[in-house]
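Descriptive structure summary
One letter stands for each residue in the lines below.
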Amino acid sequence: MSTEFPMNSHRFEPYKTFRFRVMWDGKYVAGVSKVSAIKQTVETITHRQGGDPNIQHIGPGLVSAEAITLERGITWDNEFEAWARKVFEPGELGILSLKGFRKPMTIELNNLAGEVVRAYNIHNCWVSEYEMLPELDANSAGYAIERLVIQNEGASRQAIPEKAET
């Protein structure tokens, strides 16, 4: 009989979704409270052969990565805005410089002890949408949330061995 957790056979439930960290430029980004799913899809291509019109053949086509959305409460940390400005604002002489607008990003999933159990490198990321201030409502008791929508060219999983839990 195989177990879902070879080293921690006492564990039956999967990891929780509320323990995670996001990293870019070699440092953790402060205050991220929500990350959308990391998702890749393969487009399907269908064709039929002329001599056999009743059978439709389906094969793989283009691979695409879905945009990733990050959300966090507004703080004094300006990492979201600084990255978004690389695409949204023209530089010297009014010319848009795209130098450094793409960067790698890492999303880590942690166990309850704060140890990394899964990590994904997200490739060639860039900001396509930045919500710097949400709708303001004096009758609301919610937090002010800023949001980034990040385009990417796919993800790869880091090899992280399972650690013994106590």
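Below you will find a few notes about this structure. (Residues numbered from 1 in each chain as written. Predicted model: local features only at pLDDT ≥ 70, side-chain atom pairs only at ≥ 80, totals over all residues. Heavy atoms only, no water.)

Per the secondary structure count, the protein chain includes one helix and 10 strands. Across the protein chain, every contact between residues at least 6 apart in sequence was considered, and the portion connecting residues at least 24 apart equals 65%. Only carbon and sulfur atoms are counted for the fraction: they give 54% of the accessible area of the protein chain, which is about 11,500 Å². (Helix = DSSP H or I, 4+ residues; strand = E, 2+ residues; numbered from the N terminus. Contact = heavy atoms within 4.5 Å. Areas by Shrake-Rupley, 256 points an atom, 1.4 Å probe, with all protein chains shown as cover.)

Along the polypeptide, Asn110 turns up in strand S7 (residues 103-110). Other than its neighbours up to four places away in sequence, Asn110 contacts Arg19, Phe20, Arg21, Glu115, Val116 and Val117.

Another aspect to go through is helix H1 (residues 79-88). Residues Glu79, Phe80, Trp83, Ala84 and Val87 constitute the buried set of H1. For H1, the arc enclosing every buried residue in end-on projection is 125°, short of the 170-degree limit, so these residues lie on one face. (Buried < 20%, exposed > 50% of the residue type's maximum accessible area, 1.4 Å probe, protein only. Arc of directions from axis to C-beta.)

Turning to the environment of Ile160, a few remarks are in order. Along the polypeptide, Ile160 turns up in the segment after strand S10 (155-157). Measuring from C-alpha to C-alpha, the distance between Ile160 and Arg118 comes to 6.5 Å, with 42 residues separating the pair along the chain.

Tracing the chain through its elements places Val116 in strand S8 (residues 116-131). As for Val116 and Arg21, which are separated by 95 residues in sequence, their C-alpha atoms are 9.2 Å apart. When neighbours within four sequence positions are excluded, Val116 is seen to be in contact with Arg21, Glu108, Leu109, Asn110, Ile160 and Lys163.

This part takes up the side chain of Thr106. Mapped onto the elements, Thr106 comes out in strand S7. At 3.3 Å, the side chain of Thr106 and the side chain of Asn121 are in polar contact. Leaving out residues up to four positions away in the same chain, Thr106 has contacts with Arg21, Val22, Met23, Ala119, Tyr120, Asn121 and Gln158. (Polar contact = N/O pair within 3.5 Å; in protein donor to acceptor, adjacent residues only side chain to side chain.)

Below, the discussion takes up the packing of aromatic side chains. Counted by the stated rule, this structure contains three aromatic pairs. With centroids separated by 6.1 Å and ring planes inclined at 40°, the aromatic side chains of Trp24 and Phe80 adopt a geometry described as tilted. In this pair, Trp24 is assigned in strand S1 (residues 20-24) and Phe80 in helix H1, connecting sequence segments 56 residues apart. Looking at Trp24, the relative accessible area reads 1%, which means it is buried. Through a chain of ring-to-ring contacts, three or more aromatic side chains come together here, namely Trp24, Phe80 and Trp83. (Phe/Tyr/Trp six-rings, centres within 6.5 Å; stacked < 30°, edge-to-face > 60°.)

Sheet analysis places strand S4 (residues 40-49) next to strand S5 (residues 52-65), joined by nine bridges and oriented antiparallel. Counterpart to Thr46 in the pairing with S5 is Ile58. Taking the residues that link successive antiparallel strands as the turn, the S4-S5 hairpin has two residues. (Pairing = 2+ DSSP bridges.)

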